[in-house]
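If you want the building blocks of each chain, they are given just below.
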Amino acid sequence: MLQIQGLEKNYGSFRLRCSLQVQAGQVTGLVGQNGAGKSTTFKCALGLTQIDGGTIHLMGRTPDELTAEDKQGLGVALSDSGFSEYLSLGDIIPVMSSFYPAFDANQFRQQCTQFGLPLNKKLKEFSTGMRAKAKLLLAMSHRAKLLILDEPTAGLDVVAREELLDLLRAYMEEDEGRAVLISSHISSDLEGLCDDIYMIHQGQIVLHQDTDVLLGQYGLLKATAEQYGALDKQYLLRVKREPYGYSCLTDQKQFYQENYPQLAVENGSIDRVMAMIIQGEDVR
């Protein structure tokens, strides 16, 4: 559905160097700190930003080769773009109907009611959470094959986030040929939704892993200096010096649980793995 190979983009001192792919039937997550390059990657993938190198193929074509019919297969929600704030959702419905033959106006109205979005109120009067809901509902409203969603749950409370994540899960279950690329700084959203995760830091992909593997096999070891000295370090990925000794990231949690039962071993999570990759050091 989406293949990015050797993407290069330069903004002054910032350099994006990125490769990733999104396969049909899967939800792929892109995580990273603010300014890491998530939004730039999305804009490059959509042809909204000129790239300096590499290749991008969206549904088998480069972004500038996409036809009007191809674009109907895309659903997009970017953090800093959308319809004019002087329009209401009621104003947007006929626009969507004219551009997207598959747009279901009745279903969209029902979803707006479900999520408390008034049809006659201008977008500029919406709260941050209401705008986030509207963007996601619009992106999903025309049965796109590929959704590209940049921080779609930002500004939502826990209940609203879970409602929208349930919508995305149902959306994927309707058609096994669909795919989603989603970014979020709320790791719990991605852990329960994504099939695989890319981590980006300072414009570079620093990890790509299946979510089940990341949550099931990765772990954080807590070791004293003496314990660390005696450790078999062949399965350690990163290490960080702590006041009590060392924190160690591993992708072979079970090995250390079985062979070093005295060690404290915490389960891996997106947040913990990301923090160790950024803050930790290579094992020497």
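The rules behind each value
Residues numbered from 1 in each chain as written. Predicted model: local features only at pLDDT ≥ 70, side-chain atom pairs only at ≥ 80, totals over all residues. Heavy atoms only, no water. Helix = DSSP H or I, 4+ residues; strand = E, 2+ residues; numbered from the N terminus. Buried < 20%, exposed > 50% of the residue type's maximum accessible area, 1.4 Å probe, protein only. Contact = heavy atoms within 4.5 Å. Areas by Shrake-Rupley, 256 points an atom, 1.4 Å probe, with all protein chains shown as cover. Lys, Arg positive; Asp, Glu negative; His and termini not counted. Charge placed at Lys NZ, Arg CZ, Asp CG, Glu CD. Axes fitted to C-alpha atoms, helices over the stretch in contact; angles between N-to-C directions. Parallel < 35°, antiparallel > 145°, perpendicular 65-115°, else oblique. Left-handed = near helix turned anticlockwise from the far one by under 90°. Nonpolar A, V, L, I, M, F, W, Y, C, P; charged D, E, K, R; others polar. Arc of directions from axis to C-beta. Phe/Tyr/Trp six-rings, centres within 6.5 Å; stacked < 30°, edge-to-face > 60°. Lys NZ or Arg CZ within 6 Å of the ring centre and 35° of its normal. Core = buried A, V, L, I, M, F, W, Y, C linked by side-chain atoms within 4.5 Å. Pairing = 2+ DSSP bridges.

**Let's talk about the overall build of the protein chain**
Along the backbone of the protein chain there are 11 helices and 13 strands. Based on the C-alpha atoms only, the size of the protein chain along its principal axes is roughly 70 × 40 × 35 Å. Burial analysis of the protein chain (284 residues in total) assigns 47% to the buried set. Taking the intrachain contacts of the protein chain between residues at least 6 apart in sequence as the baseline, contacts between residues at least 24 apart amount to 67%. Carbon and sulfur atoms make up 45% of the accessible area of the protein chain, which amounts to about 13800 Å² in all. Each charge sign in the protein chain was given a centre, from 27 positive and 36 negative side chains, and these centres are 6 Å apart.

**A few points about the packing of helix α3 (residues 89-99) against helix α4 (residues 105-114)**
In contact at an axis separation of 11 Å, α3 and α4 are set at 155° when each is read in the N-to-C sense. With respect to α4, the element α3 is oriented roughly antiparallel. In this structure, α3 meets α4 at a crossing whose hand is right-handed. Across the interface between the two elements, Leu 89, Ile 93 and Ser 97 from α3 touch Ala 105, Phe 108, Arg 109 and Cys 112 from α4. Tallied by class, the residues present in the contact of α3 with α4 amount to 5 nonpolar, 1 polar and 1 charged.

**Quick word on helix α11 (residues 270-279)**
Every buried residue belonging to α11 is among Ile 270, Val 273, Met 274, Met 276 and Ile 277, and all of these are buried. Looking down the long axis of α11, one finds its buried residues gathered within 165° of arc, a one-sided arrangement.

**Notes on the packing of aromatic side chains**
One pass over the structure, following the stated rule, counts 5 aromatic pairs. Aromatic side chains Tyr 228 and Tyr 246 sit 4.1 Å apart centroid to centroid with 20° between the ring planes, which places their arrangement in the stacked category. Note that Tyr 228 is positioned in helix α9 (residues 225-230) and Tyr 246 in strand β12 (residues 245-250), a separation of 18 residues in sequence. When the centroid spacing of 4.8 Å and the interplanar angle of 70° are considered together, the rings of Tyr 235 and Phe 255 count as edge-to-face. Of the two residues, Tyr 235 is situated in the loop between α9 and β11 (236-242) and Phe 255 in helix α10 (residues 253-259); the sequence distance between them amounts to 20 residues. Owing to a relative accessible area of 28%, Tyr 235 belongs among the partly exposed residues under this scheme. Among the residues examined, Phe 255 registers a relative accessible area of 23% and is labelled partly exposed. Grouping aromatic residues by their ring pairs yields a cluster made of Tyr 235, Phe 255, Tyr 256 and Tyr 260. A cation sits over an aromatic face here: Arg 178 above Tyr 171, 4.0 Å from the ring centre.

**Section: unusual backbone geometry**
Phi angles above zero are rare outside glycine, and Arg 143 is one such case at about 60°. Mapping Arg 143 onto the fold places it in the loop between α5 (128-140) and β6 (146-150). A positive phi is found at Glu 151, a non-glycine position, where the angle reads about 50°.

**Describing the nonpolar core**
By size, the foremost hydrophobic cluster in this structure holds 51 residues, and its most contacted members are Leu 89, Leu 117, Leu 147, Leu 149, Leu 168, Ile 182 and Met 199. When residues in this core are grouped by element, the largest group, 8 residues, is from α5. For Ile 182, the residues in contact, after removing those within four places along its chain, are Val 27, Thr 28, Gly 29, Leu 30, Phe 42, Leu 149, Pro 152, Leu 168, Leu 190, Leu 193 and Cys 194. Among the nonpolar cores identified, the runner-up in size contains 25 residues, and Phe 14, Cys 18, Leu 78 and Ile 148 belong to it.

**A closer look at the sheet that holds strand β10 (residues 219-223)**
The strand order across the open sheet built from 4 strands is β11-β12-β10-β13, with neighbouring strands paired in antiparallel fashion. Looking at strand neighbours, the two that pair on one side only are β11 and β13 (264-267), the edges of this open sheet. The sheet shows a mean angle of 20° between the axes of neighbouring strands, direction not considered. Its contacts with the sheet place α11 against β10, β11, β12 and β13, and it is angled at close to 75° to β11.

**A few points about the packing of α5 against helix α6 (residues 158-174)**
For the pair α5 and α6, the least separation of the axes is 11 Å and the interaxial angle reads 5°. With respect to α6, the axis of α5 lies roughly parallel. Contacts between α5 and α6 involve Lys 133, Leu 136, Leu 137 and Met 140 on the former and, on the latter, Ala 160, Leu 164, Leu 167, Leu 168 and Tyr 171. Partitioned by chemical class, the residues of the contact of α5 with α6 number 8 nonpolar, no polar and 1 charged.

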